[in-house]
Each structure stands twice: as structure tokens, then as C-alpha cells.
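# Survey of secondary and tertiary structure
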Amino acid sequence: MRTPVPDYLAEVLDGVAGDRSGAVADYIPDLAQADPEVLGVAVTTVAGRTYAAGDADVEFSIQSISKPFAYAAALADRGTEVVDATVGVEPSGEAFDELSLEGGTHRPKNPMINAGAIAVHHLLVGPDATGAARVERILDFFSELAGRRLSVDESVYRSEMDTADRNLAIAHMLRNYRVLGEPAAEVVDGYTRQCAVNVTVRDLAVMGATLANAGVHPVTGRRVVPADVARRTLSVMAGSGMYDGAGDWLVRVGIPAKSGVAGGLIGALPGQLGLATVSPRLDGHGNSVRGVAICERLSRDMGMHLMQAEPYGSTVLRGIRPDGDTTVVALQGVVQFSGAEAVLHRLAEMPVDDSEIVLDLSRVDRFSDVGRRMTLEGLRRLALDGHTVAVVDPDGVLPDPDLGDGTRPQVRSRPAGGG
Ligand code: GLN
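Residues numbered from 1 in each chain as written. Predicted model: local features only at pLDDT ≥ 70, side-chain atom pairs only at ≥ 80, totals over all residues. Heavy atoms only, no water.

## With respect to the state of the cysteines
Think of a disulfide as a covalent bridge from one cysteine sulfur atom to another cysteine sulfur atom. Note the following rule: Disulfides are defined in this document as cysteine sulfur pairs within 2.5 Å.
Inspection of every chain in the model, using the stated rule, returns zero disulfides. Free of any disulfide, cysteine 195 has its nearest neighbouring cysteine sulfur in cysteine 295, separated by 20 Å.

## Description of the sheet that holds strand 12 (residues 356-367)
Applied cut-off: DSSP-based pairing: two strands are paired if at least 2 bridges between them are found. In DSSP terms, a helix is any run of H or I states spanning at least four residues, a strand is any run of E spanning at least two, and both are numbered starting from the N terminus. Only the stretch in contact is used when fitting a helix axis, every axis being a line fitted to C-alpha atoms; angles between N-to-C directions are given from 0 to 180 degrees. Here, two residues are considered to be in contact whenever any of their heavy atoms come within 4.5 Å of each other.
The strand order across the open sheet built from five strands is 10-11-12-13-14, with neighbouring strands paired in mixed fashion. With one partner strand each, in any of the chains shown, strand 10 (317-323) and strand 14 (410-412) form the two edges of the open sheet. For this sheet, the mean inter-axis angle between neighbouring strands, taken without regard to orientation, is 20 degrees. By the bridge criterion, three bridges tie strand 13 (residues 388-392) to strand 14 in an arrangement that is parallel. Across the sheet, the residue bridging to valine 392 is arginine 412, located in strand 14. Packing against the sheet, helix 12 (residues 337-347) makes contact with strand 10 and strand 11 (326-335), and its axis sits at approximately 165 degrees to strand 11.

## Observations regarding the pattern of salt bridges
Heads up, the condition is: What makes a salt bridge here is a side-chain nitrogen of Lys or Arg within 4 Å of a carboxyl oxygen of Asp or Glu, nothing more. Exposure categories follow from relative accessible area, calculated using a 1.4 Å probe and restricted to protein chains: below 20% of the type maximum is buried, above 50% is exposed, and the middle band is partly exposed.
Following the criterion strictly, the structure yields 27 salt bridges and no others. Note that glutamate 37 is salt-bridged to arginine 20, the shortest N-O span being 3.1 Å. Remark: arginine 20 occurs in the loop between helix 1 (5-17) and strand 1 (23-24) and glutamate 37 occurs in the loop between strand 1 and strand 2 (40-45); sequence separation between them is 17 residues. Judged by relative accessible area, which is 34%, glutamate 37 ranks as partly exposed. One salt bridge connects aspartate 189 with arginine 193, and the closest N-O pair in it is separated by 3.2 Å. One end of the pair, aspartate 189, and the other, arginine 193, are both in helix 7 (residues 184-195), four residues apart, so they sit about a helical turn from each other. By relative accessible area, aspartate 189 is classed as partly exposed at 23%.

## Regarding the pairing of strand 3 (residues 50-54)
Direction of pairing for strand 2 relative to strand 3: antiparallel, over a ladder of five bridges. Within strand 3, the residue paired with threonine 44 across the bridge is threonine 50.

## Thoughts on the site of the ligand
Test applied: Throughout this document, a residue counts as near a molecule or strand when at least one of its heavy atoms sits within 4 Å of that molecule or strand. Throughout this description, a polar contact denotes any pair of N or O atoms lying within 3.5 Å of each other; where both atoms belong to protein, one of them has to be capable of donating a hydrogen while the other can accept it, and for residues adjacent in sequence the pair is counted only when both atoms sit in side chains. For the accessible areas, the method is Shrake-Rupley and the probe is 1.4 Å, while residue cover comes only from the protein chains on display. The nonpolar class holds Ala, Val, Leu, Ile, Met, Phe, Trp, Tyr, Cys and Pro. Asp, Glu, Lys and Arg form the charged class, and all remaining residues, Gly among them, are polar.
Taken together, Tyr27, Gln63, Ser64, Phe96, Asn114, Glu160, Asn167, Tyr191, Cys195, Tyr243, Gly260 and Val261 make up the full set of residues near the ligand. Here an oxygen atom of the ligand sits 2.5 Å away from a polar atom, N or O, in the side chain of tyrosine 27. Considered on its own, the ligand offers 300 Å² of accessible surface; in the complex 99% of this is hidden by protein. Each residue belonging to the shell around the ligand can be placed in one class, and the counts come to six nonpolar, five polar and one charged.

## A word on the sheet that holds strand 2
Strand order in the open sheet formed by five strands is 3-2-8-7-6, with antiparallel pairing between adjacent strands. A single partner strand is all that each edge strand has here, and the edge strands are strand 3 and strand 6 (257-259). Sheet twist, expressed as the average angle between the axes of neighbouring strands with direction ignored, equals 10 degrees. The sheet contact formed by strand 6 and strand 7 (residues 264-269) spans three bridges and is antiparallel. Across the sheet, residue serine 259 finds its bridge partner in strand 7, namely leucine 265. Helix 8 (residues 201-212) contacts strand 2, strand 3, strand 7 and strand 8 (273-278) of the sheet and is inclined by roughly 150 degrees relative to strand 8.

## A look at the nonpolar core
One broad rule of soluble globular proteins: the nonpolar side chains tend to lie buried together. In plain terms, the rule: Throughout this description, the term nonpolar core refers to a set of buried Ala, Val, Leu, Ile, Met, Phe, Trp, Tyr and Cys residues connected via side-chain atoms within 4.5 Å.
Counting 77 residues, the largest nonpolar core has Phe69, Phe141, Phe142 and Leu204 as the members making the most contacts within it. Counting residues per element, this core draws most heavily on helix 2 (residues 66-86), which supplies eight residues. Filtering out sequence-adjacent residues up to four positions away, phenylalanine 142 remains in contact with Ile62, Ser66, Phe69, Ala70, Leu150, Gln194, Val197 and Met207. If you look at the next biggest cluster of nonpolar residues, it comprises 25 residues, including Tyr8, Leu39, Ala53 and Met304.

As C-alpha cells, this is what we get:
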């Protein structure tokens, strides 16, 4: 059998191929030369499998899609407090190149607009870092995420520097308010190189999948950013990644995302996948027209909208069966808050007596921290009611089941009653 996923992606591309609306960005002269017909998509699951269709190996400059990753690097390098003091996390509802700062603090509103991204670039590595060290950090970090060595497209970089007046104006404004501690031109130079790193949709899909996988690279298994950094980055992408189109995007697509003026678009669906598209013609917000259409279709067809989650908790309680004087309560899957709540709700109905209750965990994949704490607390209360409690845990999914008062349930390696 051949997996149908690539065929499905190819069909999605076919569906949008006829849309020639929008225009290639031309404020960076080199980007105006881009082939407007380029069209590609790639999806990488958190298990590390990539599916692609169309122009999946065509390189283009990452542009603003670099912003969430530079933000993640700055958070890892400098910590939340320093980064928060420099740039906010509020959606601006403004165009990407707006000359705007938050009243009072003079911080750029978020790291997804140019003002915020220029400030973030200058935070990279450390307070005394050289411009070259920051660019090196970006190249090393993006390369590790992509799983191959990336490089700056010198022609795109030079072309943008030739016409960078607006970003220079933003940087001068930041320096005026002491948000930047060094010459505007130097920081814009580094930021522009950051934007000129060449990538393919395959690179971007795996980069997005790393964020979706809580910062662990899905192919190498290495932790590339701390989990809280990945969560924060995705949160900012959800609120501001699509600029003044962010609200509409969240309603229609519902996937944390970021667009770039070279026509790239990245999405990261927490716990599931990273996805990326390329198609250079842009809409009025500077987002790829066909990229947005592809993401809308994927979200709709594949139920990817973040606000439309499965009722995970209801599947955790697999069943309850009597076994002589014992009651066996079988759990399954991933036990998080709502799953543990469903189990506790059912256990609360057990008559108060001295019968034995066995929690069968042989089909549980894992407990989240809260799932574990709630389950142990439930067992503690059953024991207080007079029950004998035991767990069947052949795979050790509930190690060290201390009930919080020094006591432990009996631990068995096989389900009771042969079942
Ligand atoms: N390098 C571009 C700029 O700063 C990035 C903008 C974008 O991709 N939206 O103008």
C-alpha cells in the first residue's frame, strides 16, 4: 500500500493552482524576480514523518517566518524577563512594517512585526554579542531545526539592504527610546541577513513540527528549545503571526502561523504537526494568497482547527468490571486533567466499604503531571474510605505511586482475574 497523504496534498495544490490573484512583493527588488507560479506544501508530523507535494524543494528566503524562531532563540539565550522587558506579546492589529511602539513602555507590541523582530534580533546571544555572532546563532539554530545546513541568500540580503529605509527608520526609533543599545544600521544588517536565510517548505515543516512537539526535534529527538519557550512562541504566533489578518486567520484556520513576504507560510499545530506552503503572490496583509487557501482547506478537511479539539477525557475510562470481591477499573490512553476527572467522578460513586479496588493501567500510554497527581489523590481517598487499593502497571506508567502520606497501593504486574 502507498500512503494516500501525498496524493491528498497534491490534490489540495491542484485545487488552488488556478488562483492567480495577489501580487509578488516588490519593495525588495530581488523578490520581484520570484517565479509567481511556484507552489509547494509540506507537512511534518511530531513523529518526524514528512509528506510533500509540488515545489517542495524550491528555495526561497524565509523573511518574516524567521521571526518566531529568532524569538525562541532570544528567549533561550536571554530568558523571559529580559525579552519581556524589550518586546510585548500583544497583537498589534497593524501591518508588519508599522512604525509603532506601545505607549508608556516604548516596547514594540510583539515580536512578529518588524519593530519587535528587530529588537529581538539585537537580544540574541548576549548583551555584548557582535553582529556576526548573532547571525551565526541564527544560522546554527535554523540549521539545527531544519536538519541541514542553511545559508544566507546574499543577493536577497543586498537587495533588501539597498532599500531598507523603513526598517532603518524603525530601528532609529527603537534606539531613540533606548530599546536598542547599538547603532541602528548594525542591527538592521543582522536582521536583514536573518530574513534572507534560504529555506524550502520541507525545512519549514520540520521547524514548525519542532515547536508543535514542545521543542523536541521530531527527527533527531533532541530538545532544541525548552518546552515553555515553544509554548510561548506558538502563543505569539497565534495572536500576531498573520499581522492585521490574525483574527480572521484564527477564526478560519485556527493554527498558530507565520507568513513571509517571499511567499512562505508556516503553521504549527500543537501535539500534531508542522506545515508549510510556498506561493509568492501576496494578499493585502502580505500573506500568501494560495498559502492561506491551502491552510484553510487542510484545516477544514483534516479537522486541524485548534479550537475544535476531541473530547479526549471521555475515552480514558475503558471500563469497570467486578471480579469476585474486587472491582477492576481499567484506564487507557493518555491521562490528562479531563481523563483523570472522568475516572475520579466514577470512583466517587463507589460504595464506602472495605472491598478491593484495582486500577488496571496496562493500556495507559502515559500520565500527564496533573493526571498522575489526581489519580494518586483518588487512590488515597479510596484507601481512607476503607478500600484496599492496588494498581496493575506492567509498563511502569505510574512509577513511585506514593499516595502523599507515605503509603502506596499494591503494585501488580498482571491484571486480576486473568483479564
Ligand atoms: N525582511 C522583510 C522586512 O523586514 C520581512 C517582512 C515580511 O516577511 N513580512 O520587511
